[in-house]
Amino acid sequence: MAKTSQHPAGERNPLLPSSAADSASPPPYLDPHPADSYAVLLVPVRFRRRLRRGGRCVGPCLAALFLLALAGFLLWPADPDVSLARLRLAHVSVAARPAVAVTISAALKVRVRNPDFFTLDYSRLDVDIGYRGARLGRVTSGGGRVRARAVSYVDADLQLDGIRVVKDAIYLLEDLARGSVPFDAVVEVAGHLHLFLLSVPVKGRISCVVHVNPHNQTIVHQDCYPE
């Protein structure tokens, strides 16, 4: 007589088929929404090659831009440097009667330096002499040429005969009594730089204050300021 064995409550008999709920749930490896899911992005081979080529072009492009900026900085036209190399007095006198007048005779040597990589052709060199902001006279020298990265010296003779000083006559007499008369000297050079097929206008200018002792015809001191 066959014996039947009873299983405890809550324990499923392995020989019996599973329930409908158990048969409806898929295996874990077929779960359409797993807990730890991730996506894989497939990049075409051509696109990856373009990215590599673009990365290789960054270095040469930056180097080319740097060289272009450096060339523009070096070739950009700059104004000439002007300085008063020498001022030699031949005669200075101040007359108080019948009117306050100044007579100046001097020889100047102006230094012109061309900092550019192109030739400088200047059309004129002007020297203005004044007193307390009022111009007494001007001397103009002829044009010339300064080679690239070179220095040239220009001589100019100044001659002012009996220039009347009306506005600042009292100050001029006081400076004469002290033995130091401050004269203003403004030197200006105007010209053109030949940049390949272009002609670029440039101008150099310097202002000086020259203190002169009319009694012994000497220069006490001078201060120059480039503009």
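Residues numbered from 1 in each chain as written. Predicted model: local features only at pLDDT ≥ 70, side-chain atom pairs only at ≥ 80, totals over all residues. Heavy atoms only, no water.

You'll find the protein entered in an unreviewed UniProt entry as Late embryogenesis abundant protein LEA-2 subgroup domain-containing protein, with Urochloa decumbens given as the organism. For the record of the protein, the UniProt heading Subcellular location (unreviewed entry) holds the text "Membrane". (UniProt positions renumbered as here; feature names shortened; annotations may be inferred.)

(A) Here's a closer look at the packing of aromatic side chains. Enumeration over the complete set of coordinates arrives at 1 aromatic pair. Looking at R149, its charged tip hangs above the ring of F117, at a distance of 5.0 Å from the centre. (Phe/Tyr/Trp six-rings, centres within 6.5 Å; stacked < 30°, edge-to-face > 60°. Lys NZ or Arg CZ within 6 Å of the ring centre and 35° of its normal.)

(B) Summary view of the nonpolar core. If you look at the biggest cluster of nonpolar residues, it comprises 41 residues, and the most contacted ones within it are I104, V112, L125, L172 and F183. Elements with a contribution of two residues or more to this core: β1 (81–95), β2 (101–113), β3 (120–131), β4 (134–141), β6 (151–164), α3 (169–178), β7 (181–195) and β8 (198–213). In contact with L125, not counting residues within four places along its chain, are V110, V112, V139, T140, S141, G142, V154, V187, E188 and V189. (Core = buried A, V, L, I, M, F, W, Y, C linked by side-chain atoms within 4.5 Å. Buried < 20%, exposed > 50% of the residue type's maximum accessible area, 1.4 Å probe, protein only. Helix = DSSP H or I, 4+ residues; strand = E, 2+ residues; numbered from the N terminus. Contact = heavy atoms within 4.5 Å.)

(C) Looking closely at the side chain of D126. Residue placement: D126 occurs in strand β3. Here D126 falls in the buried class, since its relative accessible area comes to 4%. Side-chain polar atoms of D126 contact the side chain of R124, separated by 2.7 Å. Apart from the residues lying within four places of it in its own chain, the contact partners of D126 are R138, V139, T140, V186, V187 and E188. (Polar contact = N/O pair within 3.5 Å; in protein donor to acceptor, adjacent residues only side chain to side chain.)

(D) Seen up close, the sheet that holds β1. With respect to topology, 3 strands assemble into an open sheet ordered β1-β2-β6, the strand pairing being antiparallel. Edge positions in the sheet fall to β1 and β6, since each of these pairs with one other strand and no more. Across the sheet, the axes of successive neighbouring strands diverge by a mean angle of 10 degrees, strand direction being ignored. (Pairing = 2+ DSSP bridges. Axes fitted to C-alpha atoms, helices over the stretch in contact; angles between N-to-C directions.)

(E) A look at the state of the cysteines. Applying the stated criterion to the full structure yields 1 disulfide. Each disulfide pairs two cysteine sulfurs, and for C208 the partner residue is C224, the sulfurs being separated by 2.2 Å. Handedness here is read from the sign of the S-S torsion; for C208 and C224, about 110 degrees, the answer is right-handed. One end of the pair, C208, is in strand β8; the other, C224, is in strand β9 (residues 218–226), and 16 residues separate them in sequence. Judged by relative accessible area, which is 32%, C224 ranks as partly exposed. (Disulfide = S-S within 2.5 Å.)

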